[in-house]
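Tertiary structure, described
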Amino acid sequence: MVQTNEQLLLALDCEEPYLIHQPELPGFISILVQGKDGRKRQQPHRLEALPNVLERLTPDLDTWISQAQFRKPNRRAVNVWRMPVAFVDIDTYKIPALQGLSVSMLLARLLMTCDDAGVPEPSLVVWSGRGLQAKWVFESPVPSRALPRWQALQNELCRRLAPIGADLMARDVSRVLRLVDTVNTKSGERVRLVHQASVPTMGGIRRGQNIVYAFDALFDELMPVTRGELDALRVERDENAVRHELERSARVSQGGRLTLLHGGKANLKGGIENLRPFVPSQLAWDRVGDIRKLAELRGWGNGAPAGERNLPLFLCACFLAQALIVPKLEFELAALARELAPTWTRAQVGSCVSAVFERAKAAARGETVTFGGIQVDPRYRWKNATLIELLQIRPEEERQLATIISKTESRRRSAERSRAQREANGAQNRAEWRASHSAKRLQAVKMREEGATWQTIAEVCGYPSKDAARMAYRSGGG
């Protein structure tokens, strides 16, 4: 007997959680269950225990499962480890034009809206009992460092699917969604899988019977500025630094007269100049990561030393407020406080970060302050030099941080990237250049002893001029 598509999807219901969460990975997920008494109870579980947990659940209770995976048994954004999926929770029942439509008609409207809005077909669509959950499963889970980019993707997906009821309040990394094969007691309907993509389109990749997406490809497909273009802007920034140094030298050598140096902004995205920074929250999120990395490097396994806890927690609060990737800042800071100041009371934490909260609230109200002669929002801002001084970061620690680095370390990394790029393009590395230089000099010494002219030596050994040959000869091979 041939099974219908609906029967096939019913058979896949029990597999849906495993299409997102792999029990063989380390980390935690959370299950939220609403009991018969109406109270919601949340329980974290190790990924490896997922099969046993699902088997023991009561199907006739409202049940939700986290979509991200966490380092600790706490589903706060500061503890996120991996994001295996992008999702949109769609409250179709809130759209008058969609009320009363069958599930199949709602699914058809979703797929049509995705097509019209330039959104790839979801890997999975779940009927939540009153609406739809659209999910784009990633080829490999996205690491926590990319959380701002993941959140930007979530925002864009919600924006494009807003006409059919995308829930803007359900797009954060801590979100839980209803679990398949459980009941939605508000409607009395069973949560079930209603669509699984079968044909790769718009960058989709076939993995077994499933269609998955590479995160970078999906991000580049949907966002106005791609990661590759941002990398190009970084290269341009480095090149501009060199250009500005040449200009400064030219002014000095010519008595302060300006010299015109040709160059300018890279023309990206079809010639558009001065592209805005696309994910401005990335720097703030990376700085939170740097402070946590610093704590790890300094062996603060049980929190920062007594008397040194205010500063790292206060700075983390400043950067989380800038990142704007969490809906409830106070809960995220409470989770961070358990890491940096585990013995502090709630009142102590509040006293430490109260000024950050006040400024964040003022920014949310649209208030501004004057800073450097311009109007900016009142949230705290920090220069790297100030952070390095306050945190007393040593050069060997800098090398292991992502963003809180000095100009010296920045130049070192830039030189390393440039060297790697030159070598990737076929240039000799430093060791090869030294060996070649030494061999050429030995040849020059021998030719000079035999009476050859500097011009002849330059031509035979490959020096650009007779003066270069003479300098190499006298350099001692350096």
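Small disclaimer: the values here were computed from a predicted structure and weren't measured.

Quick notes on the rules
Residue positions are counted from 1 within each chain, in the order its sequence is given. A pLDDT threshold of at least 70 governs which residues receive local features in this predicted model, and a stricter bar of 80 or more applies before side-chain atom pairs are shown or counted, although totals over entire chains, interfaces and linings include all residues. Think of the side-chain values as coming from all heavy atoms in the structure, minus any hydrogens and water. Helix numbers and strand numbers start at the N terminus; a helix is a DSSP run of H or I with at least 4 residues, a strand a run of E with at least 2. When checking whether two residues touch, look at their non-hydrogen atoms; a contact exists if any pair is within 4.5 Å. Computed with a 1.4 Å probe, the accessible areas rest on the Shrake-Rupley method; for each residue, only the protein chains presented here act as cover. By definition here, a salt bridge exists when the distance from a side-chain nitrogen of Lys or Arg to a carboxyl oxygen of Asp or Glu is within 4 Å. Between buried and exposed lies partly exposed: a residue is buried under 20% and exposed over 50% of the maximum accessible area for its type, with that area taken using a 1.4 Å probe on protein chains only. The term nonpolar core refers to a set of buried residues drawn from Ala, Val, Leu, Ile, Met, Phe, Trp, Tyr and Cys, joined through side-chain atoms within 4.5 Å. A residue's pLDDT is the predictor's confidence in that residue, given on a scale from 0 to 100. For the purposes of these results, a polar contact is taken to be a pair of N or O atoms within 3.5 Å, where, inside protein, one atom must be able to donate a hydrogen and its partner to accept one; residues adjacent in sequence count only when each atom of the pair is a side-chain atom. Each axis is a line fitted through C-alpha atoms, taken for helices only over the stretch in contact, and angles between the N-to-C directions span 0 to 180 degrees. To sort the angles, those under 35 degrees are grouped as roughly parallel, those over 145 as roughly antiparallel, those from 65 to 115 as roughly perpendicular, and the leftovers as oblique. Handedness of a crossing is defined here by the sense of rotation of the near helix relative to the far one, left-handed for an anticlockwise turn of less than a right angle and right-handed for a clockwise turn. Each residue receives one of three labels: charged for Asp, Glu, Lys and Arg, nonpolar for Ala, Val, Leu, Ile, Met, Phe, Trp, Tyr, Cys and Pro, and polar for the others, Gly being one of them. The pairing criterion for strands is at least two bridges between them, as found by DSSP. Note on ring pairs: Phe, Tyr and Trp rings are taken, using the six-membered ring of Trp, and paired if centres are within 6.5 Å. Classes follow the plane angle, with under 30 degrees stacked, over 60 edge-to-face and the rest tilted.

Once that is clear, we can look at the overall build of the protein. When helices and strands are counted, the protein shows 17 helices and 15 strands. In the protein, once contacts between residues fewer than 6 apart in sequence are set aside, the share between residues at least 24 apart is 66%. With an accessible surface of roughly 25700 Å², the protein has 52% of that area assigned to carbon and sulfur atoms.

Scanning the entire structure with this criterion turns up 26 salt bridges. The closest approach of N and O atoms between E339 and K72, which form a salt bridge, is 3.2 Å. Of the two residues, E339 is situated in helix α10 (residues 329–340) and K72 in the loop between β4 (69–70) and β5 (80–90); the sequence distance between them amounts to 267 residues. Take E339: its relative accessible area is 18%, and that puts it in the buried class. Among the salt bridges present, the one from R190 reaches D181, with a minimum N-O distance of 3.0 Å.

Our focus in this paragraph is the nonpolar core. Core analysis: the biggest nonpolar cluster contains 93 residues, and L110, W136, L153, L161 and L313 have the highest contact counts within it. For this core, the element with the most residues is helix α9 (residues 310–323), which contributes 10 residues. Core analysis: the next-biggest nonpolar cluster, separate from the first, contains 11 residues, A452, C461, Y463 and A468 among them.

Taken as a whole, the protein shows an average pLDDT of 85; of its residues, 83% reach a score of 70 or greater. Mean pLDDT across the elements of the protein bottoms out in helix α7 (residues 227–253) (50) and peaks in β4 (98). The low-confidence segment residues 242–247 (pLDDT under 50) makes seven contacts with residues lying over four places distant or belonging to another chain. Low pLDDT, under 50, characterises residues 250–277; the stretch is placed with 32 contacts to residues that sit more than four places away or in other chains.

Further remarks concern the side chain of H195. Looking at the secondary structure, you find H195 in strand β11 (residues 192–196). Residue H195 is classed as buried on the basis of its relative accessible area of 13%. Within the local environment of H195, its side chain forms a polar contact with the side chain of E121, the two groups lying 2.6 Å apart.

Here we come to the packing of α9 against helix α12 (residues 384–391). Contact geometry for α9 and α12: axes closest at 11 Å, N-to-C directions at 155°. Between α9 and α12, the interaxial angle falls into the category roughly antiparallel. Remark: the crossing between α9 and α12 carries left-handed chirality. Contacts between α9 and α12 involve L311, L315 and F319 from the former and L387, L390 and L391 from the latter. Grouping the amino acids of the contact of α9 with α12 by side-chain chemistry returns six nonpolar, no polar and no charged.

Here we come to the pairing of β11. For a regular strand, the rule is simple: side chains alternate between the two faces of the sheet. Across the five residues of β11, five count as buried, placing the element largely inside the fold. For strand β6 (residues 124–127) and β11, the ladder comprises four bridges, and the chain directions are antiparallel. Each residue of the ladder has a partner; that of V125, found in β11, is H195.

Attention now moves to the packing of helix α5 (residues 147–160) against helix α6 (residues 215–222). The interhelical angle for the contact between α5 and α6, taken along N-to-C directions, is 50°, at an axis separation of 10 Å. As the angle between them shows, α5 and α6 are arranged oblique. Once α5 is placed against α6, the crossing between them reads as left-handed. Of α6, the residues touching α5 (which contributes R149, W150, A152, L153, E156, L157 and R160) are F215, D216, L218, F219 and L222. Looking at the contact of α5 with α6 residue by residue, the class counts come to eight nonpolar, no polar and four charged.

Here D62 is to be found in strand β3 (residues 62–66). Separated by 124 residues in the primary sequence, D62 and K186 have C-alpha atoms spaced 9.0 Å apart. Beyond its immediate sequence surroundings of up to four residues, D62 is in contact with L32, V33, Q34, R178, V183, N184 and T185.

Right, let's get into the packing of aromatic side chains. The geometry of an aromatic ring pair is captured by two quantities: the separation of the ring centres and the angle between the planes. On inspection of all chains with the given rule, the structure shows six aromatic pairs. Between F87 and W150, the ring centres sit 6.0 Å apart and the planes meet at 55°, which makes this aromatic pair tilted. Placement of the pair is F87 in strand β5 and W150 in helix α5, with a sequence separation of 63 residues. Residue F87 shares its accessibility class with W150, and that shared class is buried. Both rings, one in F215 and one in F219, keep their centres 5.9 Å apart while their planes meet at 45°; by these two values the pair is tilted.

On to the side chain of R178. Inspection of the secondary structure assignment puts R178 in strand β8 (residues 176–178). By relative accessible area, R178 is classed as buried at 11%. At a separation of 2.6 Å, a polar atom in the side chain of R178 contacts the side chain of D62. Filtering out sequence-adjacent residues up to four positions away, R178 remains in contact with D62, T63, W64, S128, Q133, V183, N184 and V191.

The backbone phi angle of M202 is positive, close to 50°, even though this residue is not glycine. Mapping M202 onto the fold places it in the loop between β11 and β12 (204–207). The phi torsion at Q392 lies on the positive side, around 50°, for a residue other than glycine. Look at Q392 and you get exposed, because its relative accessible area is 61%.

Moving on, we come to the pairing of strand β13 (residues 210–213). The side-chain alternation of β13 yields two buried faces, one formed by N210 and V212 and the other by I211 and Y213. Taken together, the four bridges between β12 and β13 define a ladder with antiparallel strand orientation. Its bridge partner being in β13, R206 is matched across the sheet by I211.

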